[in-house]
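An overview of the molecular structure
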Amino acid sequence: MNPNLSLKTPRAVAPFVKLARGESPRAQLDVLFRTVGLPIIGLLVFLMLWSGVAAKIDTSLGQFPGPAQVWNQAEALYVEHVTERDKAAAFYERQEERIAERLANDPDYEPRIHDYPGKPTFFDQIVTSLITVLSGFVIASILAIPLGIVIGLSSNLYSAVNPLVQIFKPVSPLAWLPLVTIVVSAVYVTDDPMFEKSFLTSMITVVLCSLWPTMINTAVGVNSISSDLLNVSKVLRLGWLTHVVKIVLPSSIPMIFTGLRLSLGIAWMVLIAAEMLAQSPGLGKFVWDEFQNGSSDSLARIMVAVLVIGLIGFFLDRGMLALQRAVSWDKTATLR
Amino acid sequence: MSDSHLELTGVDIEFPTPKGPFQALDDINLKVDEGEFISLIGHSGCGKSTVLNIVAGLHQATRGGVLLDGREVDQPGPERAVVFQNHSLLPWLTVYQNVELAVKKVFKGRMSRAEMRDWINHNLALVHMDHAAHKRPDEISGGMKQRVGIARALAMQPKVLLMDEPFGALDALTRAHLQDSLMEIQADLGNTVIMITHDVDEAVLLSDRIVMMTNGPAATVGEILPIDLPRPRDRLALADDPAYNHYRHEVLTFLYEKQKKVEEIAGSSAETATSQTKASGKAKERVA
Ligand SMILES: Nc1ncnc2c1ncn2[C@@H]1O[C@H](COP(=O)(O)OP(=O)(O)OP(=O)(O)O)[C@@H](O)[C@H]1O
Ligand SMILES: [Mg+2]
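Residues take numbers from 1 onward in each chain, read along the sequence in its written order. Chain letters and ligand numbers both follow the written order, the letters beginning at A and the numbers at 1. Two thresholds apply to this predicted model, a pLDDT of at least 70 for residue-level local features and 80 or more for giving and counting side-chain atom pairs, whereas whole-chain, interface and lining totals are computed over all residues. Hydrogens and water are ignored here; the side-chain numbers use all heavy atoms of the structure.

1. Describing the overall build of chain B
Of the regular secondary structure elements, chain B holds nine helices and 10 strands. Look at the contacts in chain B between residues 6 or more apart in sequence, and 69% of them connect residues 24 or more apart. Where accessible areas are quoted, they stem from the Shrake-Rupley method and a 1.4 Å probe; at the residue level, only the protein chains shown are allowed to cover. In the form shown here, chain B has an accessible surface area of approximately 13600 Å², with 52% of it arising from carbon and sulfur atoms. Every helix listed is a DSSP run of H or I at least four residues long, and every strand listed is a run of E at least two residues long, numbered separately from the N terminus. Contacts between residues were defined by any pair of non-hydrogen atoms, one from each residue, lying within 4.5 Å.

2. Some thoughts on helix α10 (residues 283-293) of chain A
Residue and element names in this part refer to chain A. All of the buried residues along α10 are Leu283, Gly284, Phe286, Val287 and Glu290. Relative to the axis of α10, the buried residues are bounded by an arc of 165° and lie together on one face. Looking at the buried side of α10, the elements it contacts are α3 (67-105), α4 (122-153), α9 (240-278) and α11 (298-327). Residue burial is assigned from relative accessible area. The probe radius is 1.4 Å, only protein chains are included, and a residue is buried under 20% of its type maximum, exposed over 50%, and partly exposed in between. The arc refers to the directions leading from the helix axis to the C-beta atoms.

3. Topic: the interface of chain A and chain B
Contacts between chain A and chain B engage 17 residues on the former and 24 residues on the latter. Buried area: the accessible area, evaluated with a 1.4 Å probe, that two parts lose upon being put together, summed over both parts. For the pair chain A and chain B, the summed buried area comes to about 2000 Å², and 70% of that belongs to carbon and sulfur atoms. Pairs of N or O atoms are called polar contacts if they sit within 3.5 Å, as long as, within protein, a hydrogen donor faces a hydrogen acceptor (for residues adjacent in sequence, only side-chain-to-side-chain pairs). Run the count over chain A and chain B and you get four residue pairs in polar contact (both at pLDDT 80 or more). Elements with a minimum of two residues in the side of chain A that touches chain B: α8 (227-236) and α9 of chain A. Considering every element that reaches the side of chain A that touches chain B, the biggest residue donor is α8 of chain A, with eight residues. Amino acids outside the nonpolar list (Ala, Val, Leu, Ile, Met, Phe, Trp, Tyr, Cys, Pro) and the charged list (Asp, Glu, Lys, Arg) are all regarded as polar, and Gly is one of them. Partitioned by chemical class, the residues of the side of chain A that touches chain B number eight nonpolar, four polar and five charged.

4. With respect to a nonpolar patch on the surface
Together, Phe33, Leu38, Ile41, Val45 and Leu49 of chain A line one region of the surface with nonpolar side chains, adding up to about 450 Å² of accessible area. Structurally, the position occupied by valine 45 of chain A is in helix α2 (residues 25-56). To count toward a patch, a residue needs a relative accessible area over 30% and no salt bridge; like charges are then connected within 9 Å, while nonpolar side chains (Val, Leu, Ile, Met, Phe, Trp, Tyr) are connected within 5 Å. The term salt bridge refers to a pairing of a side-chain nitrogen on Lys or Arg with a carboxyl oxygen on Asp or Glu at a separation within 4 Å.

5. A short note on the site of ligand 1
All names here are of chain B. Proximity is defined per residue: any heavy atom of the residue falling within 4 Å of a molecule or strand makes that residue near it. For ligand 1, the set of nearby residues contains 15 residues, the closest of which are Ser44, Gly45, Lys48, Ser49 and Thr50. A distance of 2.8 Å separates an oxygen atom of ligand 1 from a polar backbone atom of glycine 45. In the environment of ligand 1, an oxygen atom lies 2.7 Å from a nitrogen or oxygen atom belonging to the side chain of serine 49. Isolated, ligand 1 exposes 630 Å² of accessible area, and the fraction of that covered by the protein chains is 82%. When residues of the shell around ligand 1 are traced back to their parent elements, those giving at least two are β2 (20-32), α1 (48-56) and α9 (263-287).

Spelled out as structure tokens, the structure:
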């Protein structure tokens, strides 16, 4: 049915497929060069420049790490992670054995399971950061999209809220953080905390900073719906909810996603900074700990973190793009 | 109380502008009978769309008002369906869903699901669009979109069908084809129609009466020309018909002699205002 089906092959693979089919080899090689060749060349040039420049920088912690050292440290971090996992498994095994032994002697004994006391590995920190950023982003979006719609629908509300948004939008996360920390410790007092305070602090800071782009873009999208479509809605006398669901939401989807992607990017940047400053678990803390540590490997390990942070940010954005492609009604729009 | 179907009485409208109020219409009076086909013709920017929007309820008259079956028109509603100049289909819905949105709203509680489905398909078939029911607006041509817009309006079973230059953006062949379809449908259903057009042939071919508007600002009804040609009308046969050519001539005389555009006077300011509205209209089209 769909004549565009062949477009569904991933862009990077399509030229290979076409080449294999024998479709105009010259043109396909050209496409191949542009989509695969040029990025590889760019990467190689970057690596060369990096090692060249790194060799010339001497720091108190030794020479600035080049690609090779950084790669070594990446491997080392992985090995550390695996050994730490093995140790943890062994720890729990021993604990269970001991409990079983005591239970055999004394049936009334109530076992208490102790957590493994080891410190979180690099990969644990990645997972923590990802969970924090996604929770913060989801909460921010759940707040921002409906607010943006309501604000966009009423130009009076827009005028009332706009100055506030413009003031809060540029506030750095580092300024929010002390306030959030203190408020969380004051307000979140339970004996059986479901969340760590540090998690809440980081997450709320992320929410406060990533709320605005989604909210503003949603409001602008809603506000700029074509007046023809609004007239259609008026002539049909659509109810408020139908109007929002059938007309307002679909037509502001592109702007909402623009906002969401900006917000997610900001959320990720903000989180790393917040974790560093607040010493909350996550990649930011990893970087800070290495900085404090100051061993000869620290710079290379920080570089690993930098690259991983960048890659994760990139994949988060790609993820949003994929979501936008799936949700958007306008399949002809080129999304990048 | 009058007993006419649709009645505009002493309609004035003033738009607030930064330079003070701009009076677009002055004392528009018109009575329309049930089942009548009225064309509004006049120079660009004279206020045809404004008249139509007032009948639709999208604009409010500053003075005077509109009565439909004795009831005052004070808000838009599906009994006065509008076919917009640029089709205004919702791009994220299929052809079928676009019509469905209207049918669901108008016939909720009065029709079963199956009846609605039949009714939607029936109206798409009327404009010969049933074959493309599951395409999206960006997958069909301009003429097809306009037909779906007409189907959507017809499906609301409106008392009055309002059309703002429905065929303005189409090529001559498609336009002729759609005019013929519209005549057939109107003969079948007997809708009351008010249609804006720039096209003299179109006006004479389709209308029972042509309402010719004077130039703005403060435009009003200049002349009303009853078209007394037997129906069904056939465009080829009419081409050589003296009566037809006489009507054409009347309209052309009104437009190009009596209401010749006087660019130096007020016309120029109205002209710039119109070109602005036109331009913003285009921009919206692109956005949509
Ligand atoms: N919302 C508005 N605010 C101010 N002026 C307006 C507004 N709408 C229309 N006008 C003015 O009223 C006049 C009539 O406009 P209208 O759109 O009704 O003209 P028209 O006859 O439909 O023109 P066209 O044939 O080009 O569509 C124009 O001078 C226009 O500038
Ligand atoms: Mg107009």
